[in-house]
Amino acid sequence: MKLDVNALRYLSREEFRTLQAVELGQKNHEIVPASLIDSIAGLRHGGTVRCLKALLRQKLVHHDSSKYDGYRLTPLGYDFLALKALVNRGAVAAVGRQIGVGKESDVYEVLSPQGEVLALKLHRLGRTSFRAVKSKRDYLRHRSSFSWLYLSRLAALKEYAFMAALGAHGFPVPRAVEHNRHAVLMSMVDATLLVQVRELRHPSDVYAQLMDLLARLAAKGLIHCDFNEFNLLVDEEERVTLIDFPQMVSTRHANAAELFERDVECIGRFFRKKLGYMPELDAGLACAAPDFQAIVAAAEAGGAEGPDGGSLDVALSASGFNREHAEALDRWVADAAQQAGDSEGDEARAKARSEASQRASRGSLKAAVKKGRRQAAGGADF
């Protein structure tokens, strides 16, 4: 759904109060009863009904009367709640054009009250695949009906926490400005996505930057897990900026080495195929592929006295993204992957059954033909 903020300035305080009441009700209800919305909003003289009608016209809520008279938030309604909070905090003054679309997020250009151009990322976790998964599985126990809102908020919280911590430790990431619900506000980087780059003046230097960045992250106890040309920016001076962090894991993860090697291979494959640069053939390159085990061993030996000050776990916990949040996101990712695998398995089994049925039909037809020939040869009546 397109983010049209023109209606935001015309919504009354009572209408926003009603919208917040729907959000609060969705903590325990997939469809929030109208009576509960009225109770939470606490408006007088039937004001809730009038506000709900206005919100319906703006497509900020969806009405469902299949089981009972109730409402739920739409993605646009959740966007308005986040934007209203950011405006009230003095972080956003205007919203401009859309500058990026991802599998699970949208990015918009916004303006701060001080006139600074910023980037606003709206997480939309499970915009496609998760809706089918949600109808079949329960990931968050009593919060299953609130999952798409809750998980999008967790993804935004994780990205903000990682961005702030990495920026504080000197990593080339956008500056984390503010966050609310599923929205993350960050500085605008004047650069181009690496995937859109056709030619580099010094590909060996850029490749070396990327390998050094991977090694520095591992030394801090982190693996990006999606380190590819879609999540890297390159400016005119060929300096690299890293974006998109909700998928990051610790180097203590069971598959850490495999995930690290996958990140290295993604970059190597892009440089070989897209840019025609072969890092393994460059004699002047100091390191074509970092040694994950050596990096982790050196980091553990150095500890907090190391060159970068040790692991980032404490800083990330202090930023608000704790173990419970990580477990909730990890459960969703694992179950979504399993659901995708189940769907592929169902398709494979259906195909196998179809092929078996066709073979059986062909076998039955051949048997019938042979029987008919034998009966015809014996002069039997049909």
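All figures in this text were calculated on a predicted structure; none of them were measured in a lab.

**Side note on helix 3 (residues 47-57)**
The complete set of buried residues in helix 3 reads G47, T48, C51, L52, A54 and L55. For helix 3, the buried positions fall inside an angular range of 160 degrees around the axis, keeping them on one side. Exposed residues pointing more than 90 degrees away from the buried face of helix 3 are listed as V49, K53 and R57. On its buried side, helix 3 packs onto helix 1 (13-25), helix 2 (34-41), strand 2 (61-64) and strand 3 (70-73). Positive phi appears at K59, one or two residues downstream of helix 3, with a value of about 60 degrees.

**Brief notes about the pattern of salt bridges**
A side chain of one charge can pair with a side chain of the opposite charge if their charged atoms are brought near each other. Evaluation of the coordinates by the stated rule reveals 13 salt bridges. Linking E265 and R269 is a salt bridge whose minimum nitrogen-to-oxygen distance equals 3.7 Å. Separated by four residues within a single helix, E265 and R269 lie in helix 8 (residues 256-273), roughly one turn from each other. What makes E265 partly exposed here is its relative accessible area of 38%. A single network of salt bridges, built from pairs that share partners, joins E265, R269, R272 and E280.

**Re the packing of helix 8 against helix 9 (residues 292-302)**
One way to put it is that helix 8 packs onto helix 9 with a least axis distance of 10 Å and a crossing angle of 120 degrees. With respect to helix 9, the element helix 8 is oriented oblique. Across from A256, A257, F260 and E261 in helix 8, the residues of helix 9 making contact are F292, Q293 and I295. For the contact of helix 8 with helix 9, the class distribution of residues is five nonpolar, one polar and one charged.

Parameters and conventions
- Residues numbered from 1 in each chain as written.
- Predicted model: local features only at pLDDT ≥ 70, side-chain atom pairs only at ≥ 80, totals over all residues.
- Heavy atoms only, no water.
- Buried < 20%, exposed > 50% of the residue type's maximum accessible area, 1.4 Å probe, protein only.
- Helix = DSSP H or I, 4+ residues; strand = E, 2+ residues; numbered from the N terminus.
- Arc of directions from axis to C-beta.
- Contact = heavy atoms within 4.5 Å.
- Salt bridge = Lys/Arg side-chain N within 4 Å of Asp/Glu carboxyl O.
- Axes fitted to C-alpha atoms, helices over the stretch in contact; angles between N-to-C directions.
- Parallel < 35°, antiparallel > 145°, perpendicular 65-115°, else oblique.
- Nonpolar A, V, L, I, M, F, W, Y, C, P; charged D, E, K, R; others polar.

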